[in-house]
Amino acid sequence: MAVRLPARWLILGVICLAQFAVVLDNTVLNVAIPSLTRDLDGTTAHTDRDRTAVTDAFAAGITAGQLVGAAAVLAGGCLAALLLRRAERRETGT
């Protein structure tokens with residue numbers, strides 16, 4: 001005979017998994033930041049802005065429960081950050 005858990009425990013489990021995914025994504029991003037900054041000739045301000053954009057986009061998609069949408073939002077955030085950096089380079093002429 002299976003024991004049925006109340007729905008609140010299922011919701012708590014989903015929230016914990018979502019939080020774990022955000023923390024894991026942040027960890028991977030923090031490990032990759034130094035090499036990304038070097039490779040893209042970025043500054044600390046660019047790095048902080050990009051990290052915030054990617055983390056916010058990922059967290060918003062995951063929290064909404066749209067796992068497939070989260071990947072699209074994450075890719076969109078990364079693309080937006082790259083396009084922003086390219087536009088800044090054009091303005092400065094570098």
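Below, the structure is looked at part by part. Only a predicted model underlies this, so the values are computations on that prediction, with no experimental measurement involved. (Residues numbered from 1 in each chain as written. Predicted model: local features only at pLDDT ≥ 70, side-chain atom pairs only at ≥ 80, totals over all residues. Heavy atoms only, no water.)

Observations regarding the environment of Asp48
Quick reminder of the rule: Note on conventions: DSSP H or I runs of at least 4 residues are helices, E runs of at least 2 residues are strands, and numbering of each starts at the N terminus. Using a 1.4 Å probe on the protein chains alone, a residue whose accessible area is under 20% of its type maximum counts as buried, one over 50% counts as exposed, and one in between counts as partly exposed.
Mapped onto the elements, Asp48 comes out in helix α2 (residues 44-63). On the basis of relative accessibility, which here comes to 38%, the residue Asp48 falls in the partly exposed class. Along the sequence, Asp48 and Ile33 sit 15 residues apart, while their C-alpha atoms lie 9.3 Å from each other.

Comments concerning the nonpolar core
Under the convention used in this document: Among the buried residues, those of types Ala, Val, Leu, Ile, Met, Phe, Trp, Tyr and Cys that are joined through side-chain atoms within 4.5 Å form a nonpolar core.
Counting six residues, the largest nonpolar core is built from Val22, Leu29, Ile33, Val54, Phe58 and Leu74. Looking at this core, the elements that each hand over two or more residues are α1 (7-39) and α2. A total of three residues in this core trace back to one element, the largest contributor, which is α1.

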